[in-house]
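Tertiary structure, described
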Amino acid sequence: MEDTILLLIVGVAVAGVFGQWLGWRLKLPAIIPLLAIGAVAGPIAGIVKPSVALGEVMRPAIGMAVAIIVFEGGLNLNLRELRSAGSGVLRLVAVALPLNWVFGTLAGHYVAGMSWPVAVLVGAILVVTGPTVIMPLLRQAKLEPRSASFLKWEAIVNDPIGATITLLVLSFLTLSTTMTTQDALFQLAWRTLVGGGIAAALGLIVPFGIRSLFRRDLAPEFLKTPILLAGALGVYAAGEAIQPETGLVGATLFGIVLANIDVTGLQELRRFKESLTVFLVSGLFILLTANIDRQTVLMLSWPIALTTLAILFVARPLAIGLATIGAKVSWSERLLVGWIGPRGVVAAAIAGVAGERLANAGYPDARLVLPLVFAVIASTVVLHGLSLAPLARRLGLASGGRSGLLIVGASSWTVALGEALRGAGVPVLVVDRSANALKAARLAGLQTMRVEVLSVIGEEMIDLRDYEHLLAATPDDAYNALVCTRFAAELGRERVYQIAPDESSGRHAASREWRGKIVVSPDMGFQRLSDLMQGGAAFVVEPVEQDETAWQTVDGWPVARVSATGSLTLFSPEHDDTPIAGDLIARLYQPALAPPPVRGRRRFRLPGRRSMTSAA
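Overview of the structure. What you see is a predicted model, and the numbers here were worked out from it, not measured in a lab.

**A short note on the environment of Trp 557**
Checked against the element boundaries, Trp 557 lands in strand β8 (residues 556-562). Judged by relative accessible area, which is 18%, Trp 557 ranks as buried. When the C-alpha atoms of Trp 557 and His 384 are compared, they prove to be 45 Å apart, with 173 residues separating the residues in sequence. Residue contacts for Trp 557: discarding those within four places in its chain leaves Val 520, Met 524, Arg 528, Leu 532, Ala 586, Arg 587, Leu 588 and Gln 590.

Here's what the structure looks like:
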């Protein structure tokens, strides 16, 4: 038995990571390969039956995993976002949620043919739009901030609310079979108020206690992340002990409050939680899908298919349209949010529990709950996952998809590089704390921002949707390394660069873990680059010819490559990169060796001097 459980857990972990990698590699929402893996392992091939292998442990384990997931979602909610999206978010939660419940109930009863009690339960389950699906889709689609806020806030806030409503309906329906309606309502209301009140109070109060603990230096650094994680689980368990699913409200509030009260050590928790959440989401989707038996799959029918279509194309768009009447929401935002509403792991977890309990309580058509909910989950994950990015671009709610460069530190060299890359079609943002340093960048027509990138306001102001690479090029080598370390978690360690340190090499150089990749060459530090630009060096953007070795020359240093599709790569001695025909190379030439401008070749020199640019 122990060997079976071990093999199941390890197999799910490995398969989950493989599914995530496969989704990244194929540029698909990771949930699609995860659902496919679970379906093959469970109802199709019959390899595993998780509920049999794990027994009674499965349900509380899933509950704790879901609590951690909604807690992580709460950590992503910044109350400052409500300044631009507040009224729309409020309507999505306070108005659209009950409307979705009503329309989902009507679809379940009139289209799927369910009894009213079961249809009400299904409608409650399907109001949940999961952050486990929405957050990866938002990162992939690169939505503009307002639309992203609408979908993110709705998903994270609706998750615990929808779960709580579902369990309240389920509890009422099961209690009403053994007692009067009045007694069932009274008992349910009392337990919900107490359980929800305790969980909500703890979710609001405990974060302040933890902040005080950390600020008074009463917790060692290595315990801060475990304390925060244990706090989330403790708040969740306190509510669950009284009324099931009310703990999710407390866990979500716990994350939201933590994210908005400046708790030290939160960055380490976010990095750890992101990896943990990927693990949990992957495992849960595979487990829950694999736990569906073949009889449930055989229950899929035309009424269920039509109900799924009604929920996707009628219920949600109608609910969003009615809820946003009179709100400051554009028609394109209304159309996008009305279509995008993928259901995630919380809906899947609740459906399995609710359908079984309701069937045991004497509702025969409750056996249709699980196939209908999973049909909606699979349909929304595939259709919404594949259509979000194209639809957002069509509606003008997404970035252009160009692989841009964020440059930290304005100098003659970075301004000339930024001007050259902009000429090659690459978005460039130059950030510096000094207005005087940014003056040359503004005169060159570059986008600039005066802010400290490591500050709280810097995190809010800098939008990384168009900037997939970072170059730290200030005179301070240690600061450059710190900036690269800070942004490596978001952009990827392979996409953060810094200019070579002027001092310290070999064993005395900073470890690769604590700096970015060196750009150009190890001897090309800030002072040398400045001297070259003062001496008249120039950036030349030129195409790579058919001969792939033609891009190599001793007359200058290749700095960046722009592919035909617009993707950007900075040259570094720490990775191999061979351009191909059709690519553009931005090269820094020595003062006397820059080639003359010809068709297709553009030259960029020190700002303030005359720049020669040929017709492209």
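The discussion continues.
**With respect to the packing of aromatic side chains**
Considering all chains together, one arrives at five aromatic pairs under this definition. Both rings, one in Phe 71 and one in Phe 254, keep their centres 5.3 Å apart while their planes meet at 35°; by these two values the pair is tilted. One end of the pair, Phe 71, is in helix α4 (residues 58-75); the other, Phe 254, is in helix α11 (residues 246-259), and 183 residues separate them in sequence. Judged by its relative accessible area of 0%, Phe 254 is buried. Plain terms: the ring middles of Phe 313 and Trp 339 are 5.2 Å apart, the flat faces sit at 35° to each other, and that makes the pair tilted. In this pair, Phe 313 is assigned in helix α14 (residues 302-323) and Trp 339 in helix α15 (residues 331-339), connecting sequence segments 26 residues apart. It is Lys 224 that lies over the ring of Phe 214; its NZ or CZ is 5.3 Å from the centre. Arg 486 extends its terminal NZ or CZ atom over the ring of Phe 487, reaching a point 4.8 Å from the ring centre.

**Overview of the packing of helix α8 (residues 145-175) against α15**
For the pair α8 and α15, interaxial distance at closest approach is 10 Å and the crossing angle is 35°. Taken as a pair, α8 and α15 cross one another with a handedness that is right-handed. Where α8 approaches α15, its residues Arg 146, Ser 147, Phe 150, Leu 151 and Glu 154 are matched on the opposing element by Glu 333, Leu 336 and Val 337. In terms of residue class, the contact of α8 with α15 is made up of four nonpolar, one polar and three charged.

**Regarding empty space enclosed by the protein**
Counting across every chain of the model gives two cavities of 30 Å³ or more. Roughly 40 Å³ of internal volume is contained in the largest cavity. Every residue lining the largest cavity is listed: Gly 88, Leu 92, Phe 150, Ile 320, Thr 324, Val 329, Glu 333, Arg 334 and Val 337. If you list the elements that add at least two residues to the lining of the largest cavity, you get α5 (82-110) and α15. Per-element tally for the lining of the largest cavity: the top contributor is α15, with three residues. Considered class by class, the residues forming the lining of the largest cavity number five nonpolar, two polar and two charged. Looking at the second largest cavity, its volume works out to about 30 Å³. Those elements that provide at least two residues to the lining of the second largest cavity are α5 and α14. Tallied by class, the residues present in the lining of the second largest cavity amount to four nonpolar, three polar and one charged.

**Quick look at the layout of surface pockets**
One number sums up the size of the second largest pocket: a volume of about 880 Å³. Lining the second largest pocket are 38 residues, with Arg 59, Ala 349, Gly 352, Val 353 and Glu 356 sitting closest to its centre. Counting residues per element, the ones that place at least two in the lining of the second largest pocket are α4, α10 (221-240), α13 (294-298), α16 (345-360) and α17 (369-394). The biggest single contributor to the lining of the second largest pocket is α16, with 11 residues. Taken together, the residues that form the lining of the second largest pocket break down as 22 nonpolar, eight polar and eight charged.

**Structural notes on unusual backbone geometry**
Notably, Lys 27 is not glycine yet its phi reads approximately 60°, a positive angle. Structurally, Lys 27 is set in the loop between α1 (2-26) and α2 (31-44). With relative accessibility at 69%, the residue Lys 27 sits in the exposed group. A positive phi angle is found at Asp 217, which is not glycine, with a value near 60°. In this structure, Asp 217 sits in the loop between α9 (181-215) and α10. By relative accessible area, which is 62% here, Asp 217 ends up exposed.

**Digging into the nonpolar core**
Ile 125, Leu 143 and Phe 285 are the most contacted members of the largest nonpolar core, which totals 104 residues. Sorting elements by how many residues they give to this core places α8 first, with 13 residues. Beyond its immediate stretch of four places on either side in the chain, Ile 125 contacts Thr 166, Ala 347, Ile 350, Ala 351, Ala 354, Val 369 and Val 373. Grouped together as the second largest cluster of nonpolar side chains are 40 residues, Leu 446, Ala 537, Trp 557 and Val 559 included.

**Details of the sheet that holds strand β4 (residues 467-472)**
Read across the sheet, six strands follow the order β3-β2-β1-β4-β5-β6 without closing on themselves; strand pairing throughout is parallel. Sheet topology places β3 (447-450) and β6 (517-518) at the edges, where each strand pairs with a single neighbour. When β4 meets strand β5 (residues 496-498), the two strands line up parallel, connected through three bridges. Within β5, the residue paired with Ala 472 across the bridge is Gln 498. This element, helix α21 (residues 477-491), spans β1 (404-408), β4 and β5 of the sheet and lies at about 165° to β4.

**Some points on the packing of helix α7 (residues 131-141) against α17**
At a minimum axis separation of 9 Å, α7 and α17 run at an interaxial angle of 25°. With respect to each other, α7 and α17 are oriented roughly parallel. When you trace α7 past α17, the crossing you get is right-handed. For the pair α7 and α17, contact is made by Val 133, Leu 137, Leu 138 and Ala 141 and by Val 381, His 384, Gly 385, Leu 388 and Ala 389, respectively. Tallied by class, the residues present in the contact of α7 with α17 amount to seven nonpolar, two polar and no charged.

**Side note on the pairing of strand β10 (residues 584-589)**
Where burial is concerned, most of β10 is hidden: six out of the six residues are buried. One ladder, built from six bridges, connects strand β7 (residues 538-543) with β10; its direction is antiparallel. In the sheet register, Glu 542 faces β10, and the bridge partner there is Ile 585.

**Some points on the pattern of salt bridges**
Summed over the entire model, instances satisfying the criterion amount to 11 salt bridges. We note a salt bridge from Glu 452 to Arg 433, for which the minimum N-O separation is 3.2 Å. Taken as a pair, Glu 452 in the loop between β3 and α20 (456-461) and Arg 433 in the loop between β2 (428-432) and α19 (435-443) lie far apart in primary sequence, 19 residues in all. Take Arg 433: its relative accessible area is 52%, and that puts it in the exposed class. Close ionic contact of Arg 528 with Asp 523 constitutes a salt bridge, the shortest N to O distance being 2.9 Å. Judged by its relative accessible area of 47%, Asp 523 falls in the partly exposed class.

The rules behind the values
- Residues numbered from 1 in each chain as written.
- Predicted model: local features only at pLDDT ≥ 70, side-chain atom pairs only at ≥ 80, totals over all residues.
- Heavy atoms only, no water.
- Helix = DSSP H or I, 4+ residues; strand = E, 2+ residues; numbered from the N terminus.
- Buried < 20%, exposed > 50% of the residue type's maximum accessible area, 1.4 Å probe, protein only.
- Contact = heavy atoms within 4.5 Å.
- Phe/Tyr/Trp six-rings, centres within 6.5 Å; stacked < 30°, edge-to-face > 60°.
- Lys NZ or Arg CZ within 6 Å of the ring centre and 35° of its normal.
- Axes fitted to C-alpha atoms, helices over the stretch in contact; angles between N-to-C directions.
- Left-handed = near helix turned anticlockwise from the far one by under 90°.
- Nonpolar A, V, L, I, M, F, W, Y, C, P; charged D, E, K, R; others polar.
- 1 Å grid on protein atoms, 1.4 Å probe; cavity = no way out; pocket = protein on both sides within 12 Å on 5 of 7 lines; lining within 4 Å.
- Points joined across faces, edges and corners; volume = space filled by probe spheres on them.
- Core = buried A, V, L, I, M, F, W, Y, C linked by side-chain atoms within 4.5 Å.
- Pairing = 2+ DSSP bridges.
- Parallel < 35°, antiparallel > 145°, perpendicular 65-115°, else oblique.
- Salt bridge = Lys/Arg side-chain N within 4 Å of Asp/Glu carboxyl O.

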